[in-house]
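Descriptive structure summary
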Amino acid sequence: MIRFSDVSVRYPTGTLGLDSIDLEIPDGQFVVVVGLSGAGKSTLVRTINGLVPVTSGTLEVGDRTVSGASKRALRKLRAEVGMIFQSFNLVTRTSVMNNVLLGRLHATSTLRSLVGAWKASDTELAFEALERVGIVDKAYVRASQLSGGQQQRVAIARVLAQQPQVILADEPVASLDPPTANQVMRDLQRINRELGITTVVNLHFLDLARTYGQRIIGMRAGKVVFDGTADQADDAV
Ligand code: ADP
Ligand code: ADP
């Protein structure tokens, strides 16, 4: 369970990123967050992995209290919460396999893994993750040679290799063409069903949100202004 209790975020600039959010996301749910640019979607997901600190209120992720957590606790949290970005954030000059193994680096920071001396079990997890997104045949191709959709699938595999409790995706399809965007959304939805990993996806297209969101959260000016099913979302956001 992810639980926001009266959570606000105020940036050092004075901007209110989140304004008194109360929200519960049960384990295994697939949630889509929609809203215009500046609504607070990124801030919301970045509080869940501790990238943006909570100014007031209480935020719990599983059995961790994120608000007010120590640096050490936040590092552990980030090992359990995987993140996918609009810009894929791959190391494009190296192989797909090396990129996916970076997900293991988030999960285990042993000295061996820091110098790339991976255990067989790490490589196995990486292959499994690549299989799950259907690009295992690209394992030894340079990431720069893949299309945008393939690169985003590598990013999903990297997160899966981390074996997270939660996957956060911040506008993961914003730089993809519509068919590829649909494919990536289908992948995320299928992975959620197969593995039961709680998934929170930020989108700024309501049609994609309606198609894929079991639950849609609408944001405006740092507040939740809609929380319901796709059917209810018609003219709410
Ligand atoms: P998005 O709409 O996809 O969140 P933005 O262009 O708003 O992208 O933000 C890009 C980056 O700039 C993010 O890291 C965000 O946290 C940061 N950012 C956004 N607005 C501000 C601001 N007013 N002051 C400082 N940094 C900002
Ligand atoms: P969205 O993801 O919906 O585009 P954001 O969460 O990025 O919205 O932004 C919410 C508000 O917080 C906006 O007013 C934005 O300018 C501001 N903001 C985001 N990141 C920063 C930052 N690092 N510093 C200052 N203000 C920020």
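Please refer to the structure higher up on the page.
Let me begin by describing the structure that accompanies this report. This one's a predicted model, so the numbers in the text were calculated from it and none came from an experiment.

1. Description of the site of ligand 2
Every residue near ligand 2 is listed here: Tyr11, Thr13, Thr15, Gly17, Leu36, Ser37, Gly38, Ala39, Gly40, Lys41, Ser42 and Thr43. A distance of 2.7 Å is found between an oxygen atom of ligand 2 and a backbone nitrogen or oxygen belonging to Gly38. At 3.1 Å, a backbone N or O of Ala39 approaches an oxygen atom of ligand 2. Summarising the interface, the protein chains cover 63% of the accessible area of ligand 2, which totals 560 Å² for the free molecule. With three residues, helix 1 (residues 41-48) is the single largest residue contributor to the shell around ligand 2. Across the shell around ligand 2, the residue classes tally to three nonpolar, eight polar and one charged.

2. With respect to the site of ligand 1
Neighbouring residues of ligand 1: Ser37, Ser42 and Arg46. Ser37 is positioned with one of its side-chain polar atoms (N or O) 3.4 Å from an oxygen atom of ligand 1. Here Arg46 contributes a side-chain N or O atom positioned 3.2 Å from an oxygen atom of ligand 1. Considering ligand 1 on its own, with 550 Å² of exposed area, one finds that the protein chains cover 29% of that surface.

3. Brief notes about the pattern of salt bridges
Summed over the entire model, instances satisfying the criterion amount to 12 salt bridges. Between Asp19 and Lys223 there is a salt bridge, with its nearest N and O atoms 2.7 Å apart. Placement of Asp19 in strand 2 (residues 16-25) and of Lys223 in strand 10 (residues 223-228) is noted, with a sequence separation of 204 residues between them. We note a salt bridge from Glu194 to Arg132, for which the minimum N-O separation is 2.6 Å. Of this pair, Glu194 sits in helix 7 (residues 178-195) while Arg132 sits in helix 5 (residues 120-132); the two residues are 62 residues apart in sequence, bridging distant segments of the chain. A residue is classified by how much of its surface remains accessible, and Arg132, at 29% relative accessible area, is partly exposed.

4. A short note on the pairing of strand 2
Both faces of the sheet carry side chains from a regular strand, because those side chains alternate between them. Note that strand 1 (residues 2-10) and strand 2 share six bridges and pair antiparallel. In the sheet register, Ile2 faces strand 2, and the bridge partner there is Ile25. Turn length for the strand 1-strand 2 hairpin, with the two strands adjacent in sequence and antiparallel, is five residues, and the turn residue Gly14 shows positive phi of about 100°.

5. Re helix 7
The end-to-end C-alpha distance of helix 7, which contains 18 residues, comes to 26 Å, matching closely the 26 Å that a straight helix rising 1.5 Å per residue would cover. Inspection of helix 7 places Thr180, Ala181, Val184, Met185, Asp187, Leu188, Gln189, Ile191 and Asn192 among the buried residues, and these make up the whole buried set. If you follow the buried residues of helix 7, they end up packed against strand 3 (30-34), strand 6 (81-85), helix 5, helix 6 (148-161), strand 8 (198-203) and helix 8 (206-212). Phi for Gly196, located one or two positions after helix 7, is positive at around 65°.

6. A short note on the sheet that holds strand 4 (residues 56-61)
Across the sheet, four strands lie side by side as 2-1-4-5; this open sheet has antiparallel pairing. Edge strands, defined here as strands with exactly one partner in the open sheet, are strand 2 and strand 5 (64-65). Summarising the sheet, strand 1 and strand 4 pair through five bridges and their orientation is antiparallel. Bridge pairing links Ile2 to Val61 in strand 4.

7. Here's the deal with the packing of aromatic side chains
For the coordinates displayed, the defined rule picks out one aromatic pair. With a centroid separation of 6.4 Å and 70° between ring planes, the pair formed by Phe127 and Tyr140 is classed as edge-to-face. Placement of the pair is Phe127 in helix 5 and Tyr140 in the loop between helix 5 and helix 6, with a sequence separation of 13 residues. Accessibility expressed as a relative area gives 60% for Tyr140, which makes it exposed.

What counts as what
- Residues numbered from 1 in each chain as written.
- Chains lettered and ligands numbered in written order.
- Predicted model: local features only at pLDDT ≥ 70, side-chain atom pairs only at ≥ 80, totals over all residues.
- Heavy atoms only, no water.
- Near = heavy atom within 4 Å.
- Polar contact = N/O pair within 3.5 Å; in protein donor to acceptor, adjacent residues only side chain to side chain.
- Areas by Shrake-Rupley, 256 points an atom, 1.4 Å probe, with all protein chains shown as cover.
- Helix = DSSP H or I, 4+ residues; strand = E, 2+ residues; numbered from the N terminus.
- Nonpolar A, V, L, I, M, F, W, Y, C, P; charged D, E, K, R; others polar.
- Salt bridge = Lys/Arg side-chain N within 4 Å of Asp/Glu carboxyl O.
- Buried < 20%, exposed > 50% of the residue type's maximum accessible area, 1.4 Å probe, protein only.
- Pairing = 2+ DSSP bridges.
- Expected span 1.5 Å × (residues − 1).
- Contact = heavy atoms within 4.5 Å.
- Phe/Tyr/Trp six-rings, centres within 6.5 Å; stacked < 30°, edge-to-face > 60°.

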